[in-house]
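Here is how the chains run, residue by residue.
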Amino acid sequence: MNNIYLIGFMGAGKTAVARTLEEITNRSRYDTDDLIVEREGKSISEIFEEKGEDYFRKVEREVVSSLTNQESRIVACGGGVIKSEENVKELKRGGRVVFLYASPETVLERVSRNDRRPLLEGKKNLSDIKAMMDERMSLYEKAYDIRIDVDGKSLEEIAKEIMEKVEV
Ligand code: S3P
């Protein structure tokens, strides 16, 4: 299958890059977080607060599954989808998995601007972000087909690099 899945840590720019890819390719774009919010009728923060992370992951798992059975989609995945092996297996079967890598410094700069990320509450500093990224890095590495380093690149440059490398 020829879907394109964007994975990476919070603040790596998955949603913004997916929007740019949508413009360039005319493919339809989906965002796992948006679909979860739609399904639950609550914000991500409310879901974490009221129902907990395990519940969020369960809904995320269902949403990921629903995004692997059609062609030609661009999907921005929440930063934690790689925590589920089943998610990773399905993404790999559904198309090309593209890892957007941003440095901890870039991530910090971007996530400092909003309160939409419950897992970063009280952790918006370089050492906590580095620790979380280190913890997850092996999961991203196992999951991706293509890695793109995004620091210092424009959205258009990143999108072009992805389309050159995915060959789908
Ligand atoms: C999460 C990332 C978020 C969102 C939730 C959990 C994570 O998505 O799914 O807050 O575990 O990394 P973004 O990566 O789009 O911020």
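Scroll up a little and you will see the structure.
Residues numbered from 1 in each chain as written. Predicted model: local features only at pLDDT ≥ 70, side-chain atom pairs only at ≥ 80, totals over all residues. Heavy atoms only, no water.

Q: An account of the site of the ligand is requested, with residue identities and associated values reported.
A: Taken together, 13 residues surround the ligand, and among them Lys-14, Asp-33, Arg-57, Arg-117 and Arg-136 come closest. One of the side-chain nitrogen or oxygen atoms of Lys-14 is found 2.7 Å away from an oxygen atom of the ligand. Gly-80 is positioned with one of its backbone polar atoms (N or O) 3.3 Å from an oxygen atom of the ligand. Across the complex, the protein chains shield 95% of the 390 Å² of accessible surface that the ligand would expose by itself. A breakdown of the residues in the shell around the ligand according to their chemical character gives five nonpolar, three polar and five charged. (Near = heavy atom within 4 Å. Polar contact = N/O pair within 3.5 Å; in protein donor to acceptor, adjacent residues only side chain to side chain. Areas by Shrake-Rupley, 256 points an atom, 1.4 Å probe, with all protein chains shown as cover. Nonpolar A, V, L, I, M, F, W, Y, C, P; charged D, E, K, R; others polar.)

Q: How would you summarise the sheet that holds strand S2 (residues 28-31) if you had to cite specific residues and measurements?
A: On the basis of which strands lie adjacent, the open sheet formed by five strands has the order S2-S3-S1-S4-S5 and parallel pairing. In this open sheet, the two strands that pair with only one neighbour each are S2 and strand S5 (146-149). Averaged over all pairs of adjacent strands, the angle between strand axes in this sheet comes to 20 degrees, irrespective of strand direction. Against the sheet, helix H7 (residues 126-143) contacts strand S1 (3-7) and strand S4 (95-101), and its axis sits at roughly 150 degrees relative to S4. (Pairing = 2+ DSSP bridges. Helix = DSSP H or I, 4+ residues; strand = E, 2+ residues; numbered from the N terminus. Axes fitted to C-alpha atoms, helices over the stretch in contact; angles between N-to-C directions. Contact = heavy atoms within 4.5 Å.)

Q: Account for the pattern of salt bridges, naming residues and giving values.
A: This structure, assessed with the given rule, holds 14 salt bridges. The closest approach of N and O atoms between Glu-22 and Arg-29, which form a salt bridge, is 2.9 Å. A relative accessible area of 24% means that Arg-29 is categorised as partly exposed. One salt bridge in this structure joins Lys-153 and Glu-161, with 3.1 Å as the shortest N-O distance. (Salt bridge = Lys/Arg side-chain N within 4 Å of Asp/Glu carboxyl O. Buried < 20%, exposed > 50% of the residue type's maximum accessible area, 1.4 Å probe, protein only.)

Q: Describe in detail the packing of helix H1 (residues 14-25) against helix H8 (residues 155-166), supporting the description with residues and values.
A: Closest axis-to-axis distance for the H1/H8 pair is 9 Å, and the angle between their directions is 65 degrees. The angle between H1 and H8 falls in the class roughly perpendicular. Crossing of H1 over H8 shows right-handed handedness. In this structure, H1 contributes Ala-16, Val-17, Thr-20, Leu-21, Ile-24 and Thr-25 to the contact, and H8 contributes Leu-155, Glu-156, Ile-158, Ala-159, Ile-162 and Met-163. In terms of residue class, the contact of H1 with H8 is built from nine nonpolar, two polar and one charged. (Parallel < 35°, antiparallel > 145°, perpendicular 65-115°, else oblique. Left-handed = near helix turned anticlockwise from the far one by under 90°.)

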